[in-house]
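Chain by chain, the residues:
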Amino acid sequence: MDQEQDRTDDARLNFLRLQEVVESEIPKAIRNHDPREAKSLLIQVQNQFRGLKLYRDDRENLYSRLQEAFAIVNKRLEEEKLSFEKLVLENYNTLLPAVEQALSRSQETDDFRQLWDSLLDLQSQIKSAKLFHEQRDELFRKLQEAFETLKTRRNQERNAFELEAQQNYQRLKLMVDDGLSQAETTHEYKETREYLKKIQNEFKGIRMIHEQREELYSRLQTAFDILSKRLDEFFRTKKKNWEIKMNYRLSQYAAEIFEIQEKLSHDRSSLQDLLDQQDIIRDSGKEHTAMTGIEARIVSTRKSISRRSEEIARLEAEQNLLREKLNSGSVGF
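A.B. asks: I'd like a rundown of the overall build of the protein, residues and numbers included.
C.D. replies: A count of helical and extended segments in the protein gives nine helices and zero strands. Taken from the N to the C terminus, the helices and strands of the protein come in the order α-α-α-α-α-α-α-α-α. Against the compact-globule benchmark of 20 Å for 333 residues, the protein has a radius of gyration of 41 Å, which places it well outside the compact range. Seen through its C-alpha atoms, the protein measures out along the principal axes to roughly 145 × 35 × 35 Å. By residue count, 35% of the 333 residues in the protein fall in the buried class. Contacts spanning at least 24 positions in sequence make up 76% of the contacts within the protein whose residues lie at least 6 apart. Just so you have it, the protein exposes about 20900 Å², and 48% of that area is on carbon and sulfur atoms. Measuring between centres, the 57 positive side-chain charges of the protein sit 5 Å from its 62 negative side-chain charges.

A.B. asks: Can you break down the side chain of Thr301 residue by residue, with the values?
C.D. replies: Following the sequence through the fold, Thr301 ends up in helix H9 (residues 290-327). In contact with Thr301, not counting residues within four places along its chain, are Asp267, Leu271 and Leu274.

A.B. asks: Got a sec to walk through the nonpolar core? Specific residues and values, please.
C.D. replies: Ranked by internal contacts, the top residues of the largest apolar core, which has 25 residues, are Leu172, Leu196, Ile199, Phe203, Leu216, Leu220 and Leu227. Among the elements of the structure, helix H5 (133-185), helix H6 (189-202), helix H7 (210-238) and helix H8 (242-284) are those that each provide at least two residues to this core. A per-element tally of this core places H7 first, with eight residues. What Leu216 contacts, discounting residues up to four positions off in sequence, is Tyr169, Leu172, Lys173, Val176, Phe203 and Met208.

A.B. asks: Can you explain the side chain of Glu138? Please cite residues and give values.
C.D. replies: Residue position: Glu138 is located in helix H5. Nearest to the buried, unbridged Glu138 among oppositely charged side chains is Lys142, at 4.5 Å.

A.B. asks: I'd like a rundown of the pattern of salt bridges, residues and numbers included.
C.D. replies: Counted under the stated rule, the structure contains 20 salt bridges. With a closest N to O distance of 3.3 Å, Asp177 and Lys173 form a salt bridge. Of this pair, Asp177 and Lys173 both sit in helix H5, four residues apart, which is roughly one turn of that helix. The exposure class assigned to Asp177 is partly exposed, which follows from its relative accessible area of 26%. Note that Lys263 is salt-bridged to Glu259, the shortest N-O span being 3.7 Å.

A.B. asks: Account for the packing of helix H2 (residues 35-47) against helix H3 (residues 56-106), naming residues and giving values.
C.D. replies: For any two helices packed against each other, one specifies the crossing angle of their axes together with the interaxial distance. Interaxial distance between H2 and H3 falls to 9 Å at its minimum, and their mutual angle equals 160°. If you check the angle between H2 and H3, you find them roughly antiparallel. Crossing of H2 against H3: the hand is left-handed. On the side of H2, the interface is formed by Pro35, Arg36, Ala38, Lys39, Leu42, Ile43, Val45 and Gln46, while H3 contributes Tyr63, Leu66, Gln67, Ala69, Phe70, Val73, Asn74, Arg76, Leu77 and Glu80.

Reading guide: rules and limits
Residues numbered from 1 in each chain as written. Predicted model: local features only at pLDDT ≥ 70, side-chain atom pairs only at ≥ 80, totals over all residues. Heavy atoms only, no water. Helix = DSSP H or I, 4+ residues; strand = E, 2+ residues; numbered from the N terminus. Rg over C-alpha atoms; globule rule 2.2 N^0.38 Å. Buried < 20%, exposed > 50% of the residue type's maximum accessible area, 1.4 Å probe, protein only. Contact = heavy atoms within 4.5 Å. Areas by Shrake-Rupley, 256 points an atom, 1.4 Å probe, with all protein chains shown as cover. Lys, Arg positive; Asp, Glu negative; His and termini not counted. Charge placed at Lys NZ, Arg CZ, Asp CG, Glu CD. Core = buried A, V, L, I, M, F, W, Y, C linked by side-chain atoms within 4.5 Å. Salt bridge = Lys/Arg side-chain N within 4 Å of Asp/Glu carboxyl O. Axes fitted to C-alpha atoms, helices over the stretch in contact; angles between N-to-C directions. Parallel < 35°, antiparallel > 145°, perpendicular 65-115°, else oblique. Left-handed = near helix turned anticlockwise from the far one by under 90°.

The quantities given are spatial measurements derived from coordinates; they are silent on function.
The structure is reproduced here in structure tokens:
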């Protein structure tokens, strides 16, 4: 009889303790804004039922309240799941066409830089977007294909450029050699000057490796200098009128302007290379000690571009003024 009473007392005490837990923890779980944490709390409460002696009605009463809480939390989990799936689908349906369009453009665009930046932007969007693992892998796979296609086409264009540049170098070298020879020996100063200007014009817009361009242009400038010295001697000896000298000065202006334009073109190319390096370092997401140096070189290069542009404008103004003076008088040789 005493043992039966003890079991009765244990069941009652267990009910009171468990009832206190239920009344304390269930409201906490329901108020929790994270349904996963809420469910974890309810599971902890549920685990306390195990092995406890309880009257059947007491167990069912407490367990019923617990199940009602589970139902509320599970509904919230399901709503969150549906909301997440909807957002994932929207993200995927937005990103997939953009990636496929970029992949298509990678096979035909000539603006490699612009598309490369677009691919990096898409890559960032995919990384931050809420997506299922399989969707993210699919998008990254297509995006990587676009990157590889673009790199392959860029390398092909570079190879084509190098081949064309070498052919242009060989052709211009023959002309420069001939121009230099004429500048050293000719007495047909006007014809030789026009020939050198013709060679000079061949440099404009032509694709060539920078060092080879500099080499040939330096030799062409030497031809201009030689012809200039020989003309000066000719002027002193023959005492030609001022129009001859002014005509030659026009050719000097053209040579000076062209030389500065070549340097300006090199500055702009260097600036683009520096900007590309800056983007690569920035896109890496890591601190890089070279960034400060690159930024300083970018500032210096931009100043050089501005200075050369102003010098070209000044020379062109002087050239136009000189041309007006010549047009008002007789034409030189």
